[in-house]
2 protein chains.
Amino acid sequence: MGPLEGLKVLDLTRVLAGPYCTMILADLGADVIKVEMPVKGDDSRHFGPYQKGESAYFMSLNRNKRSIVLDLKSPEGKATLKALLLKMDVVVENFRPGTMEKLGFGYEDIKAYHPGIIYAASSGFGHTGPYSQRPAYDGVVQAMGGIMSITGQEGGKPTRVGPSVGDINAGMFTAIGILAALNHRNKTGVGQKVDVAMLDSQVAILENAIARYVVTGEVPGPAGNKHASIVPFEPFETADGEIMIAAGNDNLWRLFCQVAGLETLAEDPRFATNPKRLEHYKALKPLIDEVILKRTTAEWQRLLDDAGVPNGPINSVDKVIVNEQVLAREMIVEVEHPVAGRLKMPGIPIKLSATPGEIHSPAPTLGQHTEEVLKEFLGD
Amino acid sequence: MGPLEGLKVLDLTRVLAGPYCTMILADLGADVIKVEMPVKGDDSRHFGPYQKGESAYFMSLNRNKRSIVLDLKSPEGKATLKALLLKMDVVVENFRPGTMEKLGFGYEDIKAYHPGIIYAASSGFGHTGPYSQRPAYDGVVQAMGGIMSITGQEGGKPTRVGPSVGDINAGMFTAIGILAALNHRNKTGVGQKVDVAMLDSQVAILENAIARYVVTGEVPGPAGNKHASIVPFEPFETADGEIMIAAGNDNLWRLFCQVAGLETLAEDPRFATNPKRLEHYKALKPLIDEVILKRTTAEWQRLLDDAGVPNGPINSVDKVIVNEQVLAREMIVEVEHPVAGRLKMPGIPIKLSATPGEIHSPAPTLGQHTEEVLKEFLGD
């Protein structure tokens, strides 16, 4: 019962950027038919760790999809693919540019017999430009796209972002492109090609780093954990861990001082306004440090929450998946897989009131739906 | 000429998550009317650095939009807002939950007179759950959502991701939600509410961290810069900087050895397969280090590119904005602002063949289009 119910998506993607995109579509109700190569299937079926022999990685990215096996190099496989494509609204692939053309299924090939198709391609460097044919991995585009250069401890080394945001953001932009193209098609009947590059996606999320550089001429380095222009706005060590405290304005600063028993600081003219606190940061920081160390993270959380001062613990993954807000929002769901049993994974981050979408089925086993899908779309 | 041409969006958002969402819609052709408070406008108009007095931050997030000024607390402002809403397809806001209700413009209020409206809300913790009313900043949700705990140097401290991915990913999921809801509305005429939380969005992009933890019971720490299971796949120091080398399989390993003059390593049984290289990492790493140090990053890039070994420099922002692929993909554009003059900013990462979208106008000055918009939508 999602907003994309009835949308038919042929999914030729593997591993991450593409499957993340098609997972979003499937979660929102699209009928996603994942085409896998015989025997081996999606490479990520072979990425550990495994639960009862099934890849947890694969299962967490391919729920709600059906799997069919086709050998795209054989004439029979090609014929079946073409017949299926004619029944589809969208096809998504994340091969290296040129691969689909070699198989005979480039956008221009498909468009010739199905002008309404939305053909979405996610690739490392995109389908145009001098690097187009180069292979890329998440680590490479995180390095080249600038995000590593501004992530890391202050004065420290450029640092890779933990999750593969090179792939994930490309998958998200591909989903946006497909849905925007769908709006155009709903009105005109005309399909088109959606070309999203992992590198481009990194540039698009650099936020103020580009603006700051072009205006000031200063090359931004690793941003560290503290806010560049607001004080206090950083993690502090507690008796048993760390807590992020974000007193975003002078009012929150005074509230914070009350909660922390630092009323004298609130009255100190050196710290009265944010520009002042920024100026006297070196004097202020140790005074706050000393107090925060005296209580546990949970105690500070309770005190600050009661006072309305933005704060949060630096949760490790074990804490994230039991957090009461995360659970209340159904952002951790448990999916029952026929082989692997129950597996926890992230829920759907887009909450819709009328057609909320749902996680209706676990990731498919390899070729689980070949017969069913071929019968359904191509008859007997 | 974007795929969303004709889509009318009333934009009540400020600073980042919301404006990033509506920028995506505007880049793809939607008519985005940004409603700002009198005198002050969007808070981010006051974020430095400035170019001729105009905020570069604001300008890079609000291109392609029109600005009108309305005092939403006055009866006249409320009446105008209501009249405008009746002409809109979408309204987007990123206030703290409850704010719109207090103003008399909660989803249920608007729905009563405009059931077709798509009402999108982006907030820190979402419109439901025990933390719903709490304030949040990017730093807080990066801390609570787990991404900090898996980002950082190996064995080092949890590290905030440089760009505000807590906001940006929420903005992207909100855009996806709006476009999915639009598809449903195009078919049924029925609108709905789209509720996206920054915290939820962080959980949704944790990738394999959750899968790894739930299967193995091991809490993942900062991931470091090297790949967990592929060798070599990390940055190496060169004569003048660093280069990311990603030899993702045994074939690429042998190619890399040829290029690097390390043929003896390619023949060494300790390093013949990826599992072997992982096992003998400590012996292998210094042997590669020694060789890579002998040439500059640019020299290695050329050699590795010629051989087809995935690699990339760790580009700082000054390098990113002049990279030939980035420029070929029009991922850095220059926009002429009537006051600030020319400013470089990221281009559109979604490349569409039929309706590509465009950057047709700079960010508006405060209230630049009030008269024009009111005349256009509400007559004289």
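Note: the structure precedes this text.
Just so you know, these numbers come straight off a predicted model, no measurement behind them. (Residues numbered from 1 in each chain as written. Chains lettered and ligands numbered in written order. Predicted model: local features only at pLDDT ≥ 70, side-chain atom pairs only at ≥ 80, totals over all residues. Heavy atoms only, no water.)

1. Examining the relation of the copies chain A and chain B
One copy of the chain maps onto the other through a rotation about an axis plus a displacement along that axis.
Piece 1. Rotating chain A by 180° and translating it 0.0 Å along the rotation axis places it on chain B, where the RMSD comes to 0.0 Å. Here the transformation between the copies is reduced to the relation of a two-fold axis.
Piece 2. Comparing interface residues between copies, 100% of those in chain A also lie at the interface in chain B; the contact surface is shared. (Least-squares fit on C-alpha atoms with pLDDT ≥ 70 in both. Contact = heavy atoms within 4.5 Å.)

2. Some points on the pairing of strand E6 (residues 90-93) of chain B
Residues and elements named next belong to chain B.
Piece 1. Burial along E6 is two-sided: the face carrying Val90 and Val92 and the face carrying Val91 and Glu93 are both buried.
Piece 2. As paired elements, strand E1 (residues 8-11) and E6 share three bridges and run parallel to each other. What sits directly across from Leu10, in E6, is Val91.
Piece 3. Taken together, the four bridges between E6 and strand E7 (residues 118-123) define a ladder with parallel strand orientation. (Buried < 20%, exposed > 50% of the residue type's maximum accessible area, 1.4 Å probe, protein only. Helix = DSSP H or I, 4+ residues; strand = E, 2+ residues; numbered from the N terminus. Pairing = 2+ DSSP bridges.)

3. A word on the interface of chain A and chain B
Piece 1. Opposite the 130 residues of chain A that make contact, chain B presents 130 residues.
Piece 2. Carbon and sulfur atoms supply 66% of the area that chain A and chain B bury against each other, a total of about 10900 Å² over both sides.
Piece 3. Looking only at chain A, the three residues that lose the most surface to chain B are Glu207, Gln325 and Arg329 of chain A, adding up to 6% of its buried area.
Piece 4. Our count for the contact surface shared by chain A and chain B stands at ten salt bridges.
Piece 5. Asp200 of chain B is paired through a salt bridge with Arg329 of chain A; the nearest N and O atoms lie 2.8 Å apart.
Piece 6. When residues of the side of chain A that touches chain B are assigned to their parent elements, the largest contribution, 15 residues, is made by helix H7 (residues 165-188) of chain A.
Piece 7. Residues of the side of chain A that touches chain B, tallied by class, amount to 73 nonpolar, 39 polar and 18 charged.
Piece 8. Two strands pair when backbone bridges link them, and strand E8 (residues 192-197) of chain A and strand E14 (residues 351-352) of chain B are joined in this way by two bridges, in the antiparallel orientation. If you follow Asp195 of chain A over to E14 of chain B, its bridge partner there is Lys351 of chain B. (Buried area = accessible area lost by both parts, 1.4 Å probe. Salt bridge = Lys/Arg side-chain N within 4 Å of Asp/Glu carboxyl O. Nonpolar A, V, L, I, M, F, W, Y, C, P; charged D, E, K, R; others polar.)

4. As for the pattern of salt bridges
Residues and elements named next belong to chain A.
Piece 1. Taken as a whole, this structure holds 44 salt bridges over all chains when the rule is applied.
Piece 2. Between Arg45 and Glu36 there is a salt bridge whose closest N-O contact spans 2.7 Å.
Piece 3. Using a relative accessible area of 11% as the deciding quantity, one classes Arg45 as buried.
Piece 4. When its relative accessible area of 2% is taken as the criterion, Glu36 is described as buried.

5. Observations concerning the environment of Leu16 of chain A
Piece 1. Within the element layout of this structure, Leu16 of chain A appears in the loop between strand E1 (8-11) and helix H1 (17-27).
Piece 2. As for Leu16 of chain A and Ala170 of chain A, which are separated by 154 residues in sequence, their C-alpha atoms are 9.6 Å apart.
Piece 3. Leu16 of chain A has contacts with Tyr57, Leu61, Ser164, Asp167 and Ile168 of chain A together with Glu207 of chain B, leaving out every residue within four places of it along the chain.

6. Some remarks on helix H7 (residues 165-188) of chain B
Residue and element names in this part refer to chain B.
Piece 1. Its 24 residues place the ends of H7 34 Å apart at the C-alpha level, agreeing with the 34 Å of an ideal helix rising 1.5 Å per residue.
Piece 2. With 21 of 24 residues buried, H7 is to be regarded as a mostly interior element.
Piece 3. Gly189 sits one or two residues past H7 and shows a positive phi near 80°. (Expected span 1.5 Å × (residues − 1).)

7. Side note on the side chain of Glu93 of chain A
All names here are of chain A.
Piece 1. Tracing the chain through its elements places Glu93 in strand E6 (residues 90-93).
Piece 2. Of the side chains bearing the opposite charge, Lys193 lies closest to the buried Glu93, which forms no salt bridge; the N-O distance is 6.3 Å.
Piece 3. Residues contacting Glu93, with those up to four places away along its chain left out, are Leu12, Thr13, Met100, Tyr119, Ala120, Ala121, Ser122 and His127. (Lys, Arg positive; Asp, Glu negative; His and termini not counted.)

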